[in-house]
Amino acid sequence: MNYQLILDELFPPIKNAAIIGEVASYIPELAHVRPEKFGVHLCCLQGGDYFIGDHSERFSIQSISKVLSLAMAFKIEGESIWKRVGVEPSGNPFNSLIQLEYENGKPRNPLINSGALVICDILISHLDNPLEELLSFIRKISGQSSITINEKVAASEKAFGHRNAALINLMKSFGNIENDIDQVLDFYFYQCAIEMSCLELARTMLLFSNRGKILSSGEEMLTSSQTKRLNAIMQSCGFYDEAGEFTYRVGLPGKSGVGGGIVAIHPGEYSVAVWSPPLNPKGNSARGMRFLEDLTTKTGLSIF
Ligand code: GLN
């Protein structure tokens, strides 16, 4: 498969089409990003990096970070995390409160905000410095030691994080948060404010194509069973109330963030990261969805 030829063919028509969607502005710092930014990076398990556009520019990974903190919590605690958070698609927006009330403070899954907050709480209970540990985990998998946080984005989200504060207070009232609310929220805002490029994200997510092993060293970070389960959760829950649509159109497990990034994984084949900031009404990158749909259509490869 000549991936470079495919990227070179699929990218320009999307880049040249009128931009649809809106750059996220509910976190004010994210609104400063230029809407025309667009990059793709694909890492092949058989070796080889293929890329186009703004693939090496860092952006706010936002909810893509939820997969990485979940991987850490699952590695540390194993199956018992599912006592506090489920594995069902929510069918609701990522920051919805409604379901959480009638399901007694147990989030549907770890990739919506409430579920990711529970995962942050679990990591805080286990680790002295969860943020540093999460960064080390990501730096090790990606091989990029300079990956860090954008403090301005974290502060901006904290200043306007009332909905996340509502979610965590509701869960605390049901006894599903062990630690101090502000400590958990701070950790969550910081993890969402990690910045990575498409290149760095694709390298990191290659772990999930490679049964949990780092490709360059062969080191096992997750077992193949854990990796299978995490890919399954991305498939059913990675795009909130658009998870079915993403599955239908792209046919791969993946995760989006409101910074405009999307990662997708083809187990045994490749990982790919796309970045384009304008979001569709469900909060997923409009161009990113279109590009990945075209990619799996053109290659004829998906997990289905
Ligand atoms: N930090 C964002 C929030 O909590 C993450 C949401 C997202 O990327 N979908 O609202």
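This text gives an overview of the structure that appears in the document.

1. Remarks on the site of the ligand
Move 1: Not every one of the 13 residues close to the ligand is listed here, only the nearest: Tyr26, Gln62, Ser63, Glu157 and Tyr188.
Move 2: Between the ligand and Asn164 there is a distance of 3.0 Å, counted from an oxygen atom to a side-chain nitrogen or oxygen.
Move 3: Val258 is positioned with one of its backbone polar atoms (N or O) 2.8 Å from an oxygen atom of the ligand.
Move 4: About the coverage of the ligand: the protein hides 99% of its 300 Å² of free accessible area.
Move 5: Taking a 2 Å distance to the grid points as the criterion, the majority of the atoms of the ligand fall inside the second largest cavity.
Move 6: Residue classes in the shell around the ligand are distributed as seven nonpolar, five polar and one charged.

2. Thoughts on the pairing of strand β1 (residues 39-44)
For a regular strand, side chains alternate in direction, first toward one face of the sheet and then toward the other.
Move 1: Burial within β1 is extensive, with six of its six residues counted as buried.
Move 2: In β1, alternate side chains face the same way, and those of Gly39, His41 and Cys43 on one face and Val40, Leu42 and Cys44 on the other are all buried.
Move 3: Pairing geometry for β1 and strand β2 (residues 49-53), over five bridges, is antiparallel. In the strand pairing of β2, His41 is matched with Phe51.

3. Thoughts on the sheet that holds strand β6 (residues 254-256)
Move 1: With antiparallel pairing, the five strands of this open sheet are ordered in space as β2-β1-β8-β7-β6. The sheet is open, and its two borders are formed by β2 and β6, each paired with just one other strand. Strand-to-strand twist across the sheet, computed as the mean angle between neighbouring axes with direction ignored, equals 5 degrees.
Move 2: As defined by bridge partners, β1 adjoins strand β8 (residues 270-275) across six bridges and the pair is classed as antiparallel. By the bridge assignment for β8, Val40 is matched with Val274.
Move 3: Sitting on the sheet, helix α1 (residues 3-16) is in contact with β1, β2 and β8, with an inclination near 15 degrees to β2.
Move 4: In the packing of helix α12 (residues 286-299) onto the sheet, contacts are made with β1, β7 (261-266) and β8, and the angle to β8 comes to roughly 150 degrees.

The rules behind the values
Residues numbered from 1 in each chain as written. Predicted model: local features only at pLDDT ≥ 70, side-chain atom pairs only at ≥ 80, totals over all residues. Heavy atoms only, no water. Near = heavy atom within 4 Å. Polar contact = N/O pair within 3.5 Å; in protein donor to acceptor, adjacent residues only side chain to side chain. Areas by Shrake-Rupley, 256 points an atom, 1.4 Å probe, with all protein chains shown as cover. 1 Å grid on protein atoms, 1.4 Å probe; cavity = no way out; pocket = protein on both sides within 12 Å on 5 of 7 lines; lining within 4 Å. Sits in = over half its atoms within 2 Å of the grid points. Nonpolar A, V, L, I, M, F, W, Y, C, P; charged D, E, K, R; others polar. Buried < 20%, exposed > 50% of the residue type's maximum accessible area, 1.4 Å probe, protein only. Helix = DSSP H or I, 4+ residues; strand = E, 2+ residues; numbered from the N terminus. Pairing = 2+ DSSP bridges. Axes fitted to C-alpha atoms, helices over the stretch in contact; angles between N-to-C directions. Contact = heavy atoms within 4.5 Å.

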